[in-house]
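As a plain string of letters, each chain reads:
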Amino acid sequence: MKMSVVLPYIKEFLLAAVATLGFCLLFNVPRHTLIACCITGGIGRAVRLLAADAGASLAGASYIGALLVAIMGYLLARACRTPRMVFTVTGVIPMVPGVPAFSTMLHISNGNYSQGVVDAIQTLLIGGALAMGLTTVRVMTRIPGRSADSISKP
Amino acid sequence: MTDSDSLSLDAKLNVLIRVGVMMLENGAATYRVEETISRLGRAIGLTAVESFATPTGLILEGLSAEGRLTRVRRVTNMGVNMDRLALIGNLSRDAAAGLLTQQQIVARLEEIEQHEGVYSNWLIVLGVSLACGAFALLFGGGWLEFAATIVGAALAMLIRIALRPARLMPLMTTATAAFAATAASSIACRSLVCNQPDIAAVAAVLQLVPGVPLVTSVIDLATGDIISGISRGAYAILIAFGIGLGMLLFLVWGL
């Protein structure tokens, strides 16, 4: 494989990792998880780009990216003995549809509703895909059992 | 465990409600809060605990040989500190494994409550600015947009830190920061003569994205905590509108 083929993915990985790092600092992530968080965020976006280049729609690619972030979050949370949220929240933020949301807002505020609706749907699809990616892993890996000892009798 | 070591029912519930409120303040998922309370409650010697956690309040009831008691406490949501969540996770794991006496659990909890942020404010400003700069490059901007984004993002982050003690409504803080980020990055873009000021503005504002409520809302809905899930989602949408409002204030005032 030629270097020029891999280069965009490496660039995407590094930039997304830096973006993740900023949010890690903002959310006061435990120190020992910093690097793992950055790798998670970087891989999420690099895989999304890979999927998009392979022909997936941006929403479909986002689903795959979020799915991977969620799986990595599950594994890393066990390895680092840290809440899974630490990895999933910071890992998924680089994929947030910022540009579509912005152009939705701009078009609608200019009265350009038809283009605004197109962008809004794009935003919702990507956002929904990210949510579904996280949920898929969540519902497969864990059923919360919190009411085992609940107070049921008066 | 000796009798002298044992806390009263009131003190036990006090520990549990402090743990729960701290978790909710820092954006933990509802099922995790309720699960931690019930695990810790058993470790601390309660016969049974039932809790109902929402993003704005926590109700819990405990049963022991002494009788039964209910506690209610409001939750005001300010800032996310995931390190605290991790420390509480360790505490509840150790307590459930029977490694800690009741006094030690209380001592560890007090330690965690004293625990402030892991990173200094300057490091956060630096990291967030670089992160937003990285977004500008990801969105197809060049190095000029990167520079303009960093200016806007750093200013917005400084404003957020400065407004923290004022305890304003989150919507207000968000809109102010979004306005500042858009204004600063657009003005920087003009002086640097870069041709995509929109990219710089979007990237600078992305630091305000309500990532924690968005993700916990999804988790809550997935685990069946519908009330928490919907209210967190609504909160995230509100913040998103705050971002839009702040940006539009500048973009509509015109340049």
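All values reported here derive from a predicted model rather than from experimental measurement.

The subject of this paragraph is the overall build of chain A. Scanning chain A from N- to C-terminus turns up six helices and zero strands. Along chain A, from the amino end to the carboxyl end, the secondary structure elements read α-α-α-α-α-α. When its C-alpha atoms are laid out on the principal axes, chain A stretches across 60 × 45 × 30 Å. Here chain A, with 154 residues, has 53% of them falling under the buried criterion. A separation threshold of at least 6 residues defines the contact pool for chain A, and within that pool the share at least 24 residues apart is 65%.

Another aspect to go through is the overall build of chain B. Of regular secondary structure, chain B possesses 10 helices and three strands. Put simply, chain B runs from its N terminus to its C terminus through helices and strands in the order α-α-β-β-β-α-α-α-α-α-α-α-α. When its C-alpha atoms are laid out on the principal axes, chain B stretches across 75 × 30 × 30 Å. Out of the 255 residues belonging to chain B, those deemed buried represent 53%.

With that out of the way, let us pick up the nonpolar core. If you look at the biggest cluster of nonpolar residues, it comprises 132 residues, and the most contacted ones within it are Ala66(A), Ala131(B), Cys132(B), Phe135(B), Ala181(B), Ala203(B) and Val205(B). In terms of domain composition, this core takes at least three residues from each of domain 1 (3-114) and domain 2 (121-253) of chain B.

Let us now look at the interface of chain A and chain B. Of the residues lining the interface, 39 residues belong to chain A; the matching set on chain B comes to 50 residues. Contributing elements (two or more residues each) for the side of chain A that touches chain B: helix 1 (3-26), helix 4 (85-92), helix 5 (98-109) and helix 6 (113-141) of chain A. Ranked by residues supplied to the side of chain A that touches chain B, first place goes to helix 1 of chain A with nine residues.

Here we take up unusual backbone geometry. Residue and element names in this part refer to chain A. At Asn 28, a residue that is not glycine, the phi angle is positive and equals roughly 55 degrees. Structurally, the position occupied by Asn 28 is in the loop between helix 1 and helix 2 (34-53). Despite not being glycine, Arg 81 shows a phi value in the positive range, around 50 degrees. Mapping Arg 81 onto the fold places it in the loop between helix 3 (58-80) and helix 4.

Time to look at the domain arrangement of chain B. Residue and element names in this part refer to chain B. Taken domain by domain, chain B consists of domain 1 (3-114) and domain 2 (121-253). Placing a centre on the C-alpha atoms of domain 1 and another on those of domain 2 gives a separation of 33 Å. Domain 1 puts eight residues into the contact, and the matching count from domain 2 is 11 residues. Only helix 2 (30-43) and strand 1 (48-54) provide two or more residues apiece to the side of domain 1 that touches domain 2. When its residues are assigned to classes, the side of domain 1 that touches domain 2 shows five nonpolar, three polar and no charged.

This part is about the packing of helix 6 (residues 143-163) of chain B against helix 7 (residues 170-192) of chain B. Residues and elements named next belong to chain B. The interhelical angle for the contact between helix 6 and helix 7, taken along N-to-C directions, is 150 degrees, at an axis separation of 8 Å. Taken as axis vectors, helix 6 and helix 7 run roughly antiparallel relative to one another. Considering how the two elements wind past one another, helix 6 and helix 7 form a crossing that is right-handed. In this structure, helix 6 contributes Leu 144, Ala 147, Ala 148, Thr 149, Val 151, Gly 152, Ala 153, Leu 155, Ala 156, Ile 159, Arg 160 and Leu 163 to the contact, and helix 7 contributes Thr 173, Thr 176, Ala 177, Ala 180, Ala 181, Thr 182, Ala 184, Ser 185, Ala 188, Cys 189 and Leu 192. Of the residues contributing to the contact of helix 6 with helix 7, the split by class is 16 nonpolar, six polar and one charged.

A few words now on the confidence of the model for chain A. Of all residues in chain A, 91% have pLDDT values of 70 or greater, and the mean over the chain is 88. Mean pLDDT in chain A bottoms out at helix 5 of chain A, which sits at 90, and peaks at helix 2 of chain A, which reaches 94.

Residues and elements named next belong to chain B. Taken together, three strands build an open sheet; the order of strands is 1-2-3 and the sheet is antiparallel. Looking at strand neighbours, the two that pair on one side only are strand 1 and strand 3 (67-74), the edges of this open sheet. When the angles between neighbouring strand axes are averaged without regard to direction, this sheet yields 5 degrees. Sheet topology places strand 1 next to strand 2 (residues 57-64); seven bridges connect them, and they run antiparallel. Bridge pairing in strand 2 places Val 49 opposite Gly 62. The sheet contacts of helix 1 (residues 9-25) involve strand 1, strand 2 and strand 3, and relative to strand 2 the element is tilted by about 150 degrees. Running over the sheet, helix 2 touches strand 1 and strand 2 and is turned about 160 degrees from strand 1.

Let us now look at the environment of Ala77(A). Residues and elements named next belong to chain A. Of note, Ala 77 is situated in helix 3. With 33 residues separating them along the chain, Ala 77 and Asn 110 place their C-alpha atoms 45 Å apart. Sequence-distant contacts of Ala 77, that is, excluding residues within four places in its chain, are made with Thr 82, Pro 83, Arg 84 and Phe 87.

To continue, consider the pairing of strand 2 of chain B. Residues and elements named next belong to chain B. Side chains of strand 2 alternate between two faces, with Leu 58, Leu 60, Gly 62 and Ser 64 buried and Gly 57, Ile 59, Glu 61 and Leu 63 left unburied. The sheet contact formed by strand 2 and strand 3 spans eight bridges and is antiparallel. Pairing of Leu 60 across the sheet is with Arg 71, part of strand 3. If you look at the hairpin formed by strand 2 and strand 3, you'll find two residues sitting between the two strands.

Helix length check: helix 5 of chain A (12 residues) gives 17 Å between terminal C-alpha atoms against 16 Å at 1.5 Å per residue, within 8%. Along helix 5 of chain A, the residues classified as buried are Gly98(A), Val99(A), Pro100(A), Ala101(A), Phe102(A), Ser103(A), Thr104(A) and Met105(A). Residues of helix 5 of chain A that are buried make contact with helix 6 of chain A together with helix 5 (121-138), helix 8 (197-205) and helix 10 (226-253) of chain B. Positive phi appears at Gly111(A), one or two residues downstream of helix 5 of chain A, with a value of about 80 degrees.

Conventions we followed
Note that residues are indexed from 1 along each chain, following the sequence as it is written. Chains and ligands are labelled sequentially in the order written, the chains with letters from A and the ligands with numbers from 1. Whole-chain, interface and lining totals are the exception, using all residues; otherwise, since this is a predicted model, local features are given only for residues with pLDDT of at least 70 and side-chain atom pairs are given and counted only at 80 or more. Runs of H or I in DSSP of at least four residues are treated as helices and runs of E of at least two as strands, each being numbered from the N terminus. Residue burial is a threshold on neighbouring C-beta atoms within 10 Å of the residue's own C-beta, all placed from the backbone, with 20 or more meaning buried, 12 or fewer meaning exposed, and counts in between meaning partly exposed. Contact between two residues is assigned whenever their backbone-derived C-beta positions fall within 7 Å. A set of buried residues drawn from Ala, Val, Leu, Ile, Met, Phe, Trp, Tyr and Cys, joined through C-beta atoms within 7 Å, is what defines a nonpolar core. Residue ranges for the domains trace back to a domain assignment, done automatically or taken from a database. Only Asp, Glu, Lys and Arg are considered charged in this grouping, and only Ala, Val, Leu, Ile, Met, Phe, Trp, Tyr, Cys and Pro are considered nonpolar; every other residue, Gly among them, is considered polar. Throughout, an axis means a line fitted to C-alpha atoms (over the contacting stretch in the case of helices), and angles, computed between N-to-C directions, take values from 0 to 180 degrees. To sort the angles, those under 35 degrees are grouped as roughly parallel, those over 145 as roughly antiparallel, those from 65 to 115 as roughly perpendicular, and the leftovers as oblique. Take the far helix as your reference; a near helix turned counterclockwise from it by less than a right angle gives a left-handed crossing, and one turned clockwise gives a right-handed crossing. Confidence of the predictor at the level of single residues is captured by pLDDT, which takes values from 0 to 100. Paired strands are those between which DSSP finds at least two bridges. Here the expected span of a helix is defined as 1.5 Å times the quantity of residues minus one.

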